[in-house]
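Here is what each chain is made of, one letter per residue.
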Amino acid sequence: MFRRLSDRASSEVTFTFDGLPVTASAGDSVAAALLAAGVRACRTTPVSRTPRGPYCMMGVCFECLVRIDGMDNRQGCLVTVREGMRVESQRGSPTLATEPAQ
């Protein structure tokens, strides 16, 4: 369903999502990289636990919230992937952490 519009040559970046390796193009947002890798849901809602995934891709809807390198509530569509980045699903109600969890 999701694919790149062009086969532009770019360097690859590897990060993990829920412990599994994901390869993305340098410059991709976390949300775009997850969609390109076939991941459709990156969080669940606090009350009903309904799966949610990237929607607006511009930081308005907050459907792409993930935990990145230990920090909750990161909008995946606004964060560029980095080599070795650790991305995790956000399940239910996230913490209101301002610093990475220990």
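The structure we're discussing is the one just above.
To keep things clear, this report deals only with the structure shown in the data block. As the structure is a prediction and not an experimental result, all values here were calculated from the model.

Here we come to unusual backbone geometry. Phi at Asp69 takes a positive value of approximately 45°, unusual for a residue other than glycine. Secondary-structure assignment places Asp69 in the loop between strand S5 (65-68) and strand S6 (71-75). Under the relative-accessibility criterion, Asp69 is labelled partly exposed at 30%. The residue Asn73 is not glycine, and still its phi comes out positive at about 65°. Mapping Asn73 onto the fold places it in strand S6. Asn73 gets classed as partly exposed once you look at its relative accessible area, which sits at 27%.

Overall, the coordinates contain five salt bridges when judged by the stated rule. In this structure, the salt-bridge partner of Glu88 is Arg86, at a minimum N-O distance of 3.5 Å. Overall, the relative accessible area of 26% leaves Glu88 in the partly exposed class. One network of salt bridges, with partners in common, ties together Arg43, Arg52 and Glu63.

All told, the structure shown has zero disulfides when counted by the stated rule. Unpaired in this structure, Cys61 has its nearest cysteine sulfur neighbour in Cys56, at a distance of 3.7 Å. The cysteine Cys64 is free of any disulfide, with Cys77 supplying the nearest cysteine sulfur at 3.7 Å.

Moving on to the pairing of S5. The sheet contact formed by S5 and S6 spans three bridges and is antiparallel. Residue pairing in the sheet places Val66 in a bridge with Arg74 of S6. Once S5 ends, the chain turns through two residues before running back antiparallel as S6, passing Asp69 with a positive phi of about 45°. As paired strands, S5 and strand S7 (residues 86-88) are joined by two bridges and run antiparallel to one another. For Ile68, the partnering residue across the bridge sits in S7 and is Val87.

Conventions used here
- Residues numbered from 1 in each chain as written.
- Predicted model: local features only at pLDDT ≥ 70, side-chain atom pairs only at ≥ 80, totals over all residues.
- Heavy atoms only, no water.
- Helix = DSSP H or I, 4+ residues; strand = E, 2+ residues; numbered from the N terminus.
- Buried < 20%, exposed > 50% of the residue type's maximum accessible area, 1.4 Å probe, protein only.
- Salt bridge = Lys/Arg side-chain N within 4 Å of Asp/Glu carboxyl O.
- Disulfide = S-S within 2.5 Å.
- Pairing = 2+ DSSP bridges.

By themselves, these are just geometric observations and shouldn't be taken as functional.
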